[in-house]
Amino acid sequence: MDELTKELNAIATAMVAPGKGILAADESSPTIGSRFAKLGIDSTEENRRSYREMFFSADGIKEYVSGVILYDETIRQNASDGTPFPKYMQNLGIIPGIKVDTGAKELAGHPGEKITEGLDGLRDRLKEYHDLGARFAKWRAVITIGDGLPTDYCLEANAHALARYGALCQERGIVPIIEPEVLMDGDNTIETCYAVTDKTLHVVFGALYRAGVKFEGMVLKPNMVVPGKKSGQSASVEQVASMTLDVLKKNVPAAVAGIAFLSGGQSDQDASAHLNQLNKLGDTPWPLTYSYGRALQTAAMETWAGKPENVAAGQAAALLRARANSAATYGKYSEQLETAGV
Ligand code: 13P
């Protein structure tokens, strides 16, 4: 490995350290705004800031969380004591990360499909984010399952963008999280999810290879293989874990530093139970951990509800999920953890 790859590999390895995962707290202002709105919380800049601070300042969070993905607004905000958030995290030994894509937009000429934007000017933005303390980044590609979807063109266009983003990050000493998310909200079976995830990963890794992305200096953030939410099909924890592991083993080079799953709309408990079973099956060349957004945050957001007097209870809810998912990285998650006090 050359010096840059060694540096990237050290960051990526720390992101997937035993017992730790990544908190995805990088919702754009419109996305967090719609989540707040469902709970009657005003989406002011200060409310978004204090909500995020509730997580970062939860006592003991650093035992379970290796890194946090921030949004452009958040990386420029300060904790209540005036410390910039990236510095606040570094003081805890938590690595600051940053979402750098600018969102998934309609793919022209391909109804029902999306392409993720954000490549223009990315080299300069990465320099600024690195100066602000970010050491890893995230780019999410969205793949929709439907009648005749995804098309090969959609897979190739998104893989191309992920690969260009990955190479630009690594050039700057930033570890790219490569996130090709096959959505789970359709009416497709688990078998179709498997087939689409298989093809997606195949196309993505081909593009990464051609772009010269160093696998040792990246983290993959995939979906799990699950039945579509509207399919009416149910799958056991064992089935989800074994199909997910199978598709990863077929497609992901052993050199990849780690795999950190998205939760994608699974229930909090399912996300923990699936990760747990994946780790129980074990025998993988890469650590398997979490990079959850909703499955780490939903309970805490509901508990907090925008009220300063609920911060401690919100932190307890956040720590419960973080601890459960940390246990799952060891294959030691159990339902008792759901009710035990933190
Ligand atoms: P979810 O875990 O809610 O899917 O979010 C993860 C994420 O970062 C999506 O880009």
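Our subject in this report is the structure included herewith. (Residues numbered from 1 in each chain as written. Predicted model: local features only at pLDDT ≥ 70, side-chain atom pairs only at ≥ 80, totals over all residues. Heavy atoms only, no water.)

**Section: the overall build of the protein**
At step 1: Assigned secondary structure in the protein consists of 13 helices and 10 strands.
At step 2: A compact globule built from 342 residues should have a C-alpha radius of gyration of about 20 Å, and the protein, at 19 Å, falls within 12% of that.
At step 3: Oriented by its inertia axes, the alpha-carbon framework of the protein measures out at about 50 × 45 × 40 Å.
At step 4: By the burial criterion, 57% of the 342 residues in the protein qualify as buried.
At step 5: Summarising the internal contacts of the protein: among those between residues at least 6 apart in sequence, 78% fall at separations of at least 24. (Helix = DSSP H or I, 4+ residues; strand = E, 2+ residues; numbered from the N terminus. Rg over C-alpha atoms; globule rule 2.2 N^0.38 Å. Buried < 20%, exposed > 50% of the residue type's maximum accessible area, 1.4 Å probe, protein only. Contact = heavy atoms within 4.5 Å.)

**Brief notes about the sheet that holds strand β6 (residues 136-143)**
At step 1: With parallel pairing, the 8 strands of this closed barrel are ordered in space as β1-β2-β3-β6-β7-β8-β9-β10.
At step 2: Of the pairings in the sheet, the one linking strand β9 (residues 258-261) to strand β10 (residues 288-292) comprises 3 bridges and is parallel in character. In the strand pairing of β10, Ile259 is matched with Leu288.
At step 3: Here helix α8 (residues 190-211) sits on the sheet and contacts β6, β7 (175-182) and β8 (219-220); the angle it forms with β7, its principal contact strand, is near 150°. (Pairing = 2+ DSSP bridges. Axes fitted to C-alpha atoms, helices over the stretch in contact; angles between N-to-C directions.)

**Remarks on the pattern of salt bridges**
Oppositely charged side chains can form a pair if their charged atoms are brought close together.
At step 1: Applying the stated criterion across every chain, the model contains 20 salt bridges.
At step 2: Arg76 serves as the salt-bridge partner of Asp72, at 2.8 Å between the closest nitrogen and oxygen.
At step 3: A relative accessible area of 27% means that Asp72 is categorised as partly exposed.
At step 4: Put simply, Asp26, Lys99, Lys138, Arg140, Glu179 and Glu181 are held in one network by salt bridges that share partners. (Salt bridge = Lys/Arg side-chain N within 4 Å of Asp/Glu carboxyl O.)

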